[in-house]
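These are the residues of each chain, in order.
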Amino acid sequence: MNDEVRQPESEVGAGILSVFGRQLKLFRERAELDRVGFGSLTGYSASTIAAFEQGRRIPPSRFIDQADDLLGAGGVLLAGKEEVARSQYPTFFRDAAKLESEAVELHVYANQAVPGLLQTEEYARAVFMMMRPPMDDELIEQRVGARLARQEILSGSDAPLAGFVIDEAVLRRPVGGRGILRGQLEHILLMRERRNIEVQVMPLDREENAGMAGPFTLIETREGRRIAYVEVQNVSRLQTERDRVRALEAKYGIISAQALTPRESSTYVEKLLGEP
């Protein structure tokens with residue numbers, strides 16, 4: 001199964017992928033395997049193995065597990081697995097993705113699009129297809145895969161407590177078409193059933209909304225670090241200064257109080273689903 005993804009051309013051969021690729025090649029040659037032979041053992045073509053070794057494609061996690069075992073790398077390839085995984089995200093989001101994966105609490109305010117952690121595959125693909133300048137198809141699929149992989153943090157026994165406040169305008173905007181929006185609204189209701197997830201709606205008729213300055217995310221890690229993440233037009237900033245983070249925490253508290261309760265929000269989403 002070839003589910004590897006291609007690295008954007010502007011980043012080909014750069015950073016961790018280049019280092020990982022050189023290590024992979026050295027271990028393969030030490031094992032006296034050519035690319036065809038190694039590819040047959042792992043289920044990949046020789047050309048794909050070459051792309052991994054040259055840093056032109058991002059190897060999936062299970063390939064790295066296979067390669068470390070088959071080549072007797074003794075954990076060397078596994079040691080870079082986390083950094084290789086991070087390379088699938090756009091550069092501006094990589095640090096935030098790492099912190100997000102370590103979170104015990106997440107709080108997200110969204111007034112432009114459904115938060116990435118709640119997006120369906122179809123909705124995510126539609127979002128990326130609207131980007132300008134346009135992305136090529138392979139990069140879109142890379143981004144979609146990375147977004148869906150991020151969502152795994154919301155599952156399992158150590159999943160963080162996650163709260164989302166979503167502006168009603170987001171839930172009415174037919175990104176990708178009415179069918180995709182309907183599927184997205186249904187997915188939000190399903191996610192809402194998980195005990196670690198709360199979703200609130202900020203109705204359009206609210207006269208007060210403390211979130212007019214835009215979307216943001218609050219992250220608390222297992223080590224007790226509290227960070228705020230703000231992004232606009234692919235320009236992002238991680239706020240670690242306590243005063244700034246505290247201000248956004250206070251703002252989120254006000255936004256949450258102004259929005260519908262989680263129970264009211266579920267009823268409201270059901271109402272949106274019932275509209276023509």
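Refer to the preceding data block for the structure.
Residues numbered from 1 in each chain as written. Predicted model: local features only at pLDDT ≥ 70, side-chain atom pairs only at ≥ 80, totals over all residues. Heavy atoms only, no water.

Let us now look at the packing of aromatic side chains. Throughout the structure, instances matching the rule amount to seven aromatic pairs. With a centroid separation of 5.3 Å and an interplanar angle of 85°, the aromatic rings of Tyr44 and Phe63 are classed as edge-to-face. Separated by 19 residues along the polypeptide, Tyr44 in the loop between helix 2 (35–42) and helix 3 (46–53) and Phe63 in helix 4 (residues 61–70) bring together distant segments of the chain. Residue classification places Tyr44 among the buried residues on the basis of a relative accessible area of 6%. (Phe/Tyr/Trp six-rings, centres within 6.5 Å; stacked < 30°, edge-to-face > 60°. Helix = DSSP H or I, 4+ residues; strand = E, 2+ residues; numbered from the N terminus. Buried < 20%, exposed > 50% of the residue type's maximum accessible area, 1.4 Å probe, protein only.)

A word on the nonpolar core. Within soluble globular proteins, side chains that are nonpolar generally end up buried alongside one another. The biggest cluster of nonpolar side chains holds 33 residues, and the ones touching the most others in it are Phe164, Ile166 and Leu171. Elements represented by at least two residues in this core include exactly strand 3 (103–110), helix 8 (121–129), strand 4 (161–167), helix 10 (168–172), helix 11 (178–192), strand 5 (197–202) and helix 13 (262–274). The leading source of residues in this core is helix 11, at five residues. Every residue in contact with Phe164, bar those within four places of it in the chain, is listed here: Val108, Pro115, Leu117, Leu118, Ile197, Glu198, Val199, Gln200 and Tyr252. (Core = buried A, V, L, I, M, F, W, Y, C linked by side-chain atoms within 4.5 Å. Contact = heavy atoms within 4.5 Å.)

Moving on: the pairing of strand 5. Counting buried positions along strand 5 gives five out of six residues, so the element sits mostly inside the fold. Pairing of strand 4 with strand 5, which is carried by six bridges, proceeds in the parallel orientation. Following the sheet pairing, Asp167 is matched in strand 5 by Met202. (Pairing = 2+ DSSP bridges.)

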